[in-house]
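Tertiary structure, described
This is what each chain is made of:
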Amino acid sequence: MTHALNFVWNPSEGINLGFFMIRYYSLMFVIAFLLGWFLMKKIFERENESLEKLDSLFVWTVLATLIGARLGHVFFYDWEYFRNHLLEIFLPFRFEPKFEFTGFQGLASHGAAISIIVAMYYYSKKILKRPLLWILDRIVIPVASGAIFVRLGNFFNSEIIGNETTSSFGIRFLHDTFSKNEAVQKTGIPDPVEAYNAIATNPKFATLLAEVPARHPAQLYESFSYIFVFAILYFLYWKTNTRLKSGYLFGLFLVLLFVVRFIVEFVKQSQGGIEENLGYFSTGQWLSIPFIIIGLFFIIRAQRNPLAES
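Cut-offs applied
Residues numbered from 1 in each chain as written. Predicted model: local features only at pLDDT ≥ 70, side-chain atom pairs only at ≥ 80, totals over all residues. Heavy atoms only, no water. Pairing = 2+ DSSP bridges. Helix = DSSP H or I, 4+ residues; strand = E, 2+ residues; numbered from the N terminus. Axes fitted to C-alpha atoms, helices over the stretch in contact; angles between N-to-C directions. Parallel < 35°, antiparallel > 145°, perpendicular 65-115°, else oblique. Contact = heavy atoms within 4.5 Å. Nonpolar A, V, L, I, M, F, W, Y, C, P; charged D, E, K, R; others polar. Buried < 20%, exposed > 50% of the residue type's maximum accessible area, 1.4 Å probe, protein only. Phe/Tyr/Trp six-rings, centres within 6.5 Å; stacked < 30°, edge-to-face > 60°. Lys NZ or Arg CZ within 6 Å of the ring centre and 35° of its normal.

**Observations concerning the sheet that holds strand β7 (residues 214–215)**
With mixed pairing, the three strands of this open sheet are ordered in space as β1-β6-β7. Each edge of the open sheet carries a strand with a single partner, namely β1 (7–9) and β7. Sheet topology note: the strand β6 (residues 171–173)/β7 ladder contains two bridges and is antiparallel. Residue pairing in the sheet places I171 in a bridge with R215 of β7.

Below you can see the structure in the form of structure tokens.
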């Protein structure tokens, strides 16, 4: 039995401009990257670093995030499928059982984290001409802010949802329970949007609505928590001398962000992956543990070393 506060989540796909649809998921990514650019611009200005290098940083970060997140999903969560469908790794199409446009379904934050670190190594050596930890200590601030909006995008997409719950926090994700085709078939309404609306609001389809369980909005839990991760890093950089401790902010970012991820995974629906072989923890938790350990290493290392420009 669900509580009265549970509500049906039936979002539109995006902002319809008539000639073009701005999907909310894509919009959240755009906001994340633009906000990241703005934050790094302020940081570069404070550090008297050339803004000409900012454009390169933006390009490298965007490419690293998207490519790394995609490969992370492929190898960590769904390699059994993609090993037999290699073209679908980088093409937004599915060829079996029939050809259809799917978009890029599946992005893993752990893969993005690894890829960004690798990209920053190249960027720091070839373009920035500063130590790797200098850029990592600073780029984690916009990355943390971006994580807030990425999870909001997941919420709009009704993906990465939580386990069923009877608590008042539960949300009924209509699009997760019924695909577009299922909504059309079960209601007899040819337009998917109208079909979803009918299930959500028309008493005639109350039995269908009853099939939609209340689930933890795991995306919102993460997004809300990342606000605090971002706020802590932002405050330490701008209001304290922590930025002079080489590796400290980078390490703190890894610990805070992946501890949040580890905790939220307890109420998150399984996404498969390596957990099937390792057991006990989820794939997301197993992948978070190394990042937390690495983060602790850099925090301890930075605390032991005297204050110095990284």
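**Thoughts on the packing of helix α4 (residues 109–128) against helix α11 (residues 248–264)**
At their nearest, the axes of α4 and α11 sit 12 Å apart, and the two run at 170° to each other. Classified by the angle their axes make, α4 and α11 are roughly antiparallel. Across the interface between the two elements, S109, H110, A113 and I117 from α4 touch F250, F258 and R261 from α11. When its residues are assigned to classes, the contact of α4 with α11 shows four nonpolar, two polar and one charged.

**Here we look at the side chain of S115**
Within the secondary structure, S115 is located in helix α4. S115 sits in the buried class, given a relative accessible area of 18%. Residues in contact with S115, not counting those within four places in the same chain, are A64 and G68.

**Some words on the packing of aromatic side chains**
Per the counting criterion, the structure on display carries 21 aromatic pairs. Taken together, a centroid distance of 5.6 Å and an interplanar angle of 45° make the contact between F230 and Y234 tilted. Residue F230 and its partner Y234 are both found in helix α10 (residues 218–239); the two are separated by four residues, about one turn of the helix. Under the relative-accessibility criterion, Y234 is labelled partly exposed at 36%. Measuring from ring centre to ring centre gives 5.7 Å for F262 and F266, while their planes differ by 85°; the resulting arrangement is edge-to-face. Taking relative accessible area as the criterion, F262 reaches 16% and is therefore assigned buried. Its relative accessible area of 51% is what places F266 among the exposed residues. One aromatic cluster in this structure is built from W9, Y24, F155, F156 and F173. Sitting over the ring of Y237, R46 keeps its end group 5.0 Å from the ring centre.

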